[in-house]
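Tertiary structure, described
Each chain, letter by letter, is given below.
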Amino acid sequence: MGTSQEDTVYLVLEDFGSLGRAYRETDPSQADRQTVLSDLLSGQYERPLRIVAFNTTQGWARDVTGEIAGEALRNADQDDLSPAARAFVEGARAR
């Protein structure tokens, strides 16, 4: 049985200021790569720090922050990025 991209879940680590950092609670049906990217570009996250992907079927997890930041730059004019998305991309590029 093959594994599809649908088996991969993407979670966003967000900085909630004085409340600390936490991975955003996400409906599994909305935790796919495209939805996370769309939410990032539209400003759904206020202070995203990192994005982690995992696939329990294949048994792996990895930081995809740089990949998602690159996709954000390719999919939106930098002037169109929300302030939070711009800060995320700049932070990822600085790493």
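Look up: the structure comes first, before these words.
Attention in this report is confined to the structure presented alongside it. (Residues numbered from 1 in each chain as written. Predicted model: local features only at pLDDT ≥ 70, side-chain atom pairs only at ≥ 80, totals over all residues. Heavy atoms only, no water.)

In the structure shown here, the tally under the stated rule is five salt bridges. Ionic pairing is found between R33 and E71, a salt bridge with its closest N-O pair at 2.6 Å. Of this pair, R33 sits in helix α1 (residues 33-41) while E71 is found in helix α2 (residues 65-75), placing the two residues 38 residues apart along the sequence. The pair R33 / E71 is uniform in exposure class, with both members buried. Its salt-bridge partner being R50, residue D63 comes within 3.0 Å of it at the nearest N-O pair. Here D63, found in strand β4 (residues 60-63), pairs with R50, found in strand β3 (residues 48-55); they are 13 residues apart in sequence, far enough to count as distant. Judged by relative accessible area, D63 falls into the partly exposed class, the value being 41%. In this structure, a network of salt bridges that share partners links the residues R33, R62, E67 and E71. (Salt bridge = Lys/Arg side-chain N within 4 Å of Asp/Glu carboxyl O. Helix = DSSP H or I, 4+ residues; strand = E, 2+ residues; numbered from the N terminus. Buried < 20%, exposed > 50% of the residue type's maximum accessible area, 1.4 Å probe, protein only.)

Let us look at the environment of L11. When you line up the elements, L11 lands in strand β1 (residues 9-15). For L11, a relative accessible area of 22% puts it in the partly exposed group. In this structure, the C-alpha to C-alpha distance between L11 and A53, residues 42 residues apart in sequence, is 6.4 Å. Setting aside residues up to four positions removed in sequence, L11 forms contacts with Y23, R24, T26, R50, I51, V52 and F54. (Contact = heavy atoms within 4.5 Å.)

Moving on: the pairing of β1. As defined by bridge partners, β1 adjoins β3 across six bridges and the pair is classed as antiparallel. If you follow V12 over to β3, its bridge partner there is I51. Direction of pairing for β1 relative to strand β2 (residues 21-23): antiparallel, over a ladder of three bridges. In the sheet register, E14 faces β2, and the bridge partner there is A22. Hairpin connection between β1 and β2: a loop of five residues separates the two successive antiparallel strands, and G17 in this loop has a positive phi of roughly 65 degrees. (Pairing = 2+ DSSP bridges.)

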